[in-house]
Number of protein chains: 4
Amino acid sequence: MKIGVIGLGYWGPNLLRNLFHFPDVQPVGCDSDIKRIDVMKKVFPNAEYNDDYKILLKDDNLKAVVIATPVSTHFEIAKEFLLSGKDVFVEKPLTKSSKEAEELIEIAEKEKRVLMVGHTFMFNPAVLKIKEFIKNGDIGELYYITSTRVNLGIHRKDASVIWDLAPHDLSMIFTWMDADPVHINGVGKESIIKGLPDVAFLQIIFDNGVIADIQVGWLSPSKIRKTIIVGSKKMIEYDDTDPQEKVKVFDSGVDVQETYDYGEYLLQYRTGDIYSPKIPGSEPLKLEMEHFINCIKKREKPISDGKIGLKIVKILEQAESSIKKANGSLI
Amino acid sequence: MKIGVIGLGYWGPNLLRNLFHFPDVQPVGCDSDIKRIDVMKKVFPNAEYNDDYKILLKDDNLKAVVIATPVSTHFEIAKEFLLSGKDVFVEKPLTKSSKEAEELIEIAEKEKRVLMVGHTFMFNPAVLKIKEFIKNGDIGELYYITSTRVNLGIHRKDASVIWDLAPHDLSMIFTWMDADPVHINGVGKESIIKGLPDVAFLQIIFDNGVIADIQVGWLSPSKIRKTIIVGSKKMIEYDDTDPQEKVKVFDSGVDVQETYDYGEYLLQYRTGDIYSPKIPGSEPLKLEMEHFINCIKKREKPISDGKIGLKIVKILEQAESSIKKANGSLI
Amino acid sequence: MKIGVIGLGYWGPNLLRNLFHFPDVQPVGCDSDIKRIDVMKKVFPNAEYNDDYKILLKDDNLKAVVIATPVSTHFEIAKEFLLSGKDVFVEKPLTKSSKEAEELIEIAEKEKRVLMVGHTFMFNPAVLKIKEFIKNGDIGELYYITSTRVNLGIHRKDASVIWDLAPHDLSMIFTWMDADPVHINGVGKESIIKGLPDVAFLQIIFDNGVIADIQVGWLSPSKIRKTIIVGSKKMIEYDDTDPQEKVKVFDSGVDVQETYDYGEYLLQYRTGDIYSPKIPGSEPLKLEMEHFINCIKKREKPISDGKIGLKIVKILEQAESSIKKANGSLI
Amino acid sequence: MKIGVIGLGYWGPNLLRNLFHFPDVQPVGCDSDIKRIDVMKKVFPNAEYNDDYKILLKDDNLKAVVIATPVSTHFEIAKEFLLSGKDVFVEKPLTKSSKEAEELIEIAEKEKRVLMVGHTFMFNPAVLKIKEFIKNGDIGELYYITSTRVNLGIHRKDASVIWDLAPHDLSMIFTWMDADPVHINGVGKESIIKGLPDVAFLQIIFDNGVIADIQVGWLSPSKIRKTIIVGSKKMIEYDDTDPQEKVKVFDSGVDVQETYDYGEYLLQYRTGDIYSPKIPGSEPLKLEMEHFINCIKKREKPISDGKIGLKIVKILEQAESSIKKANGSLI
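If you look chain A up in an unreviewed UniProt entry, it shows as Gfo/Idh/MocA family oxidoreductase from candidate division WOR-3 bacterium.

### Focus: the overall build of chain A
When helices and strands are tallied, chain A shows nine helices and 14 strands. Against the 2.2 N^0.38 benchmark of 20 Å for 331 residues, chain A shows a C-alpha radius of gyration of 22 Å, consistent with a compact globule. Overall, the C-alpha framework of chain A stretches about 80 × 50 × 40 Å when taken along its three principal axes.

### Details of the sheet that holds strand β2 (residues 26-30) of chain A
Residue and element names in this part refer to chain A. The six strands are arranged β3-β2-β1-β4-β5-β6 in an open sheet whose pairing can be described as parallel. The open sheet is flanked by β3 (48-50) and β6 (115-118), the only strands paired with a single partner. Put simply, the sheet's adjacent strands are angled 20° from each other on average, direction ignored.

### Remarks on the domain arrangement of chain A
Residue and element names in this part refer to chain A. Assigned domains within chain A: domain 1 (2-119 + 285-304) and domain 2 (122-281 + 315-328). The distance between the C-alpha centroids of domain 1 and domain 2 comes to 30 Å. Tallying the contact residues gives 13 residues for domain 1 and nine residues for domain 2. Contributing elements (two or more residues each) for the side of domain 1 that touches domain 2: α4 (71-83) and α8 (284-298).

### Some remarks on the nonpolar core
Across soluble globular proteins, nonpolar side chains show a tendency to be buried alongside one another. C:Val88 and D:Val88 are the most contacted members of the largest nonpolar core, which has 202 residues in total. Among residues more than four places away in sequence, those in contact with D:Val88 are D:Ala64, D:Val65, D:Ile67, D:Ala78, D:Phe81, D:Leu82, D:Arg113, D:Val114 and D:Leu115. If you look at the next biggest cluster of nonpolar residues, it comprises 201 residues, including A:Phe81, A:Val114, B:Met116 and B:Val249.

### Some points on the pairing of strand β2 (residues 26-30) of chain C
Residues and elements named next belong to chain C. Burial analysis of β2 places four of its five residues in the buried class, the great majority of the element. Relative to β2, strand β1 (residues 2-6) is paired through five bridges, and the arrangement is parallel. Looking at the pairing, Val 5 lines up with Gly 29 of β2. Note that the unit made of β1, helix α1 (residues 12-19) and β2 has a crossover that is right-handed.

Definitions and limits used
Residues numbered from 1 in each chain as written. Chains lettered and ligands numbered in written order. Predicted model: local features only at pLDDT ≥ 70, side-chain atom pairs only at ≥ 80, totals over all residues. Helix = DSSP H or I, 4+ residues; strand = E, 2+ residues; numbered from the N terminus. Rg over C-alpha atoms; globule rule 2.2 N^0.38 Å. Pairing = 2+ DSSP bridges. Axes fitted to C-alpha atoms, helices over the stretch in contact; angles between N-to-C directions. Domains from an automatic or database assignment. Contact = placed C-beta atoms within 7 Å. Core = buried A, V, L, I, M, F, W, Y, C linked by C-beta atoms within 7 Å. Buried ≥ 20, exposed ≤ 12 C-beta atoms within 10 Å, placed from the backbone. Right-handed = clockwise from strand over helix to strand, strands pointing away.

And the structure:
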């Protein structure tokens, strides 16, 4: 089974590399830039290569493609492959607009093709361990989630920091709970390049009452990858930069006692044990490719399907429009 | 010179204690609850005490009062003392509405009385050290500020978490820069007590282009007191829980080179030395009381005057209204 | 029941303060320096005071004393009180020589008096929690213990850093295991004051095969209070400066598989969950005083009795002599 | 210029890889295990390979060899190459005994060949930055150095933990100061494999009065790579696991004032700024290979020459013998 990787720039080579884990997959690298192909040939001499994706469209042995081109081209390329009967994996974010995402979903359904989005964090062992704690009721009712994803660099030129980084935090949230946003606020700063926010803040209220606050940035003194999940029974800290204790579960909370005589509340603060489960070291990218291959073989819907991809693109759109409106107050 | 402390609950005793540092001040404790006075008498037997502040209004030897009562009573009590010719220090936040704050400012000006607000962080040595770095141009143009102030407990019953904690972050910001907000977003969660947000997020855009993101909460697994200030030349991290390196100055940033031929940008990321200045251990509260006493003696306007107090109350009001509006989307 | 506190210098006031927790105890402060007594009278006006301990010897209502004088005087004072029929608590280290310690133990036994040593860490909740893990077999066979206790200052003038700080680490070790040293190495540096080591390192082999490495110092850039206990099944880190996770239990180790054919070993490294139990916040000093009072009432042997005190003094003596011998190589 | 790498097991491939940085060097891989060569051929297809080092001895185009075989074979192989007129780089530790090291030095001198030892830390940018601070007098008189190098695994089978890890700490110390040991203590624990210490502690007194305490281990819950250097003027912490602040310079110390009247000392503790210099990210191994190549070309003595290698082997020998003697007390 041949699988093509379209786009061998920054991220594509990682996907190509992971396809070599699967003995029944023959990877095909594809980039319009012949220099990129030459570089890749040295690193992975065992892949096939091609500098024109149109040729892959007609290759009957090619079952599927993995698209890692600039966001603005996702829609066009994915559409062509879906219509040619290929299963399609698109890097996050799915498309540059919700309209495009909706059309892709429709085509995939009609053509009965797999449409998967590269939301890697949905395959991250730490994120999945946290999902367990939430799903089995350990955390209790979810109250709020904060997520910070900042460091110094690298400024992308084709997308603002929100389109680049926030999909990670949003896909984690949708791994943990099934809800829709009812309110979105955003502000952003175009510190270095006019017109391209490199630091942004998002506030989201979901229809299950959970609040999320997301900070993303390319202009921060230290690298921070920290997510806090607070529920009625327990609280979780997930620090992706901690090599030893990525996930910590705090047996902390507030116990409320209503004292009916006075209509008063008596609050008791509880801080108990802290537990840091061992997180398997498996590479999320490999698990993600494995899931894609399984969905191809078993004709199943991926976990990170078009619907999740669309949901996230919609939030990014609304956040961006909220940021633009807010920045309008400055003039 | 007699100075009265009205309200000997949670915070008042700290202010009373600090007044004993000044040999020419005779502290007078005042609380309507006689049991609070009895407790205080044991701890500070050398103060005078009174259970009715109305009597202090008429005491000619009493030059000034420090008001540490519930927020809802600030206006009434402060007004009476100002009109009786006393100088007045009011704990933060100044009043429960901007209308009240405006009236107090007016009265103080008319009566030529000192009106100071207890924004302690304006007297905090770490905050003042950061002010130096900003004012002398080391940091360059300010881009954005984030500030997180969360821990587990204690839920106040008279004020939401925004009115309780956000004044600290706002007063730090106004120590560092002189600007007015042009846009304010807020969301908040009433996790434990209906009607009383205990976790809240604020986004503010100021008229100088600086963005601030503030997180406050009484329901967090770990205590965090962290503020990050990012400018065009340097970046600062201020971690108030770090006993050794409270303030770190990062010689980090992005150098932009325009390449005119192509209208393209070339960005170079710079990460250099990190410098952590020694922060004097002086107690902010003592410095604050000293400043109040000096303003009384020299008839000067305090650094944390009514105008700053009003500015902060206004932001709290708008944040609260934004939160209420956002929560409306849930129904 | 009257209990006297002899010596109201640096440490004595803490012991005096804790005696006030017990309603049936009437504390008596005693110091030959009348100025110290004057200071104490202001802080604790409800204690009796005396500037001559000889008078306490004859006070029939005085059941016991707590001795917090310089180490060199412990023996003399403790002996007099034991011989006068009083129960005696002596601050650590018990005496300045093992000969003195042995004599005190003998007297206490003959006079049927309680002799307790102020090894506070034996009453520290974190140390006791670790004891549980060790005693219930969780840790497996103990391999080694390292303990670091350093910071900047304060140089004592009456004792080297070993006599000042190492008793803490040694008393923790003896809380966790019952063993005798068979080999002791020491080196020390007299950085600031000639003749008085302010940094010292100890290596101890115990007769159960456990190795201990102890670092103590008054001349270190950061405050470190860290003890690591490694066993065949689990490992423990105890960081006394961590407000949130003082004790961490690591489910880590090496599983050995002998492959008989080749006489080779196959080692498998295991790193599992990390668990940080809630440590009660109780003050060790209060628990220590409570234990002393209970021993007085019930005529029982204290946990930190003369024998433990002697064992520690012996190690300090040998360490000191090893240091002196080692420093002899320098000339 | 051909340079051979003898031994392509755990470490050799890293050295081979780094030789490719130098255009005028033709690397030759050599291992008696043909399977290792097959693996390497896939990774570095551009190197020459050989499974018998005897053939390299006679290759006239081969100028030098890098020996990365088990320690017990260093002497034999290095000797043959030196006597065949080749320059020789030997991985640390130089040999398994000081007698062998002395003979190699002698041969190298007689044959006028370069003899360099692979003490990588002597080329580590952080270690060299600290050297600057010490050499320019910033730190003042050196008092003591502690160094901890522990983690979980990997147990070597050909060498105890002291021979494996302590050379790193010792070579750092000799980068910073030129002194000879006058006293060495050691204890070690054979936790997992009888006869092979996997945790060891070293105490060294040098003839300049500096004390060093070294902890090495393969059986520790957390990875620690921390070295502390304390001098009369400043103190340094070097944490090799910290991605952001590897080296911190503390402006801390004790100022002594003698008060002659009483023969008393007045000590004043100083804690000032903390400064963390930017450490260049250059790979030490590349710098090391570069230095070897330069020494070959310019016929110069390497920084990490045979004499340093011998000095370290001597300390390891004495430490080992001290450990054995100490363990004898257990029987």
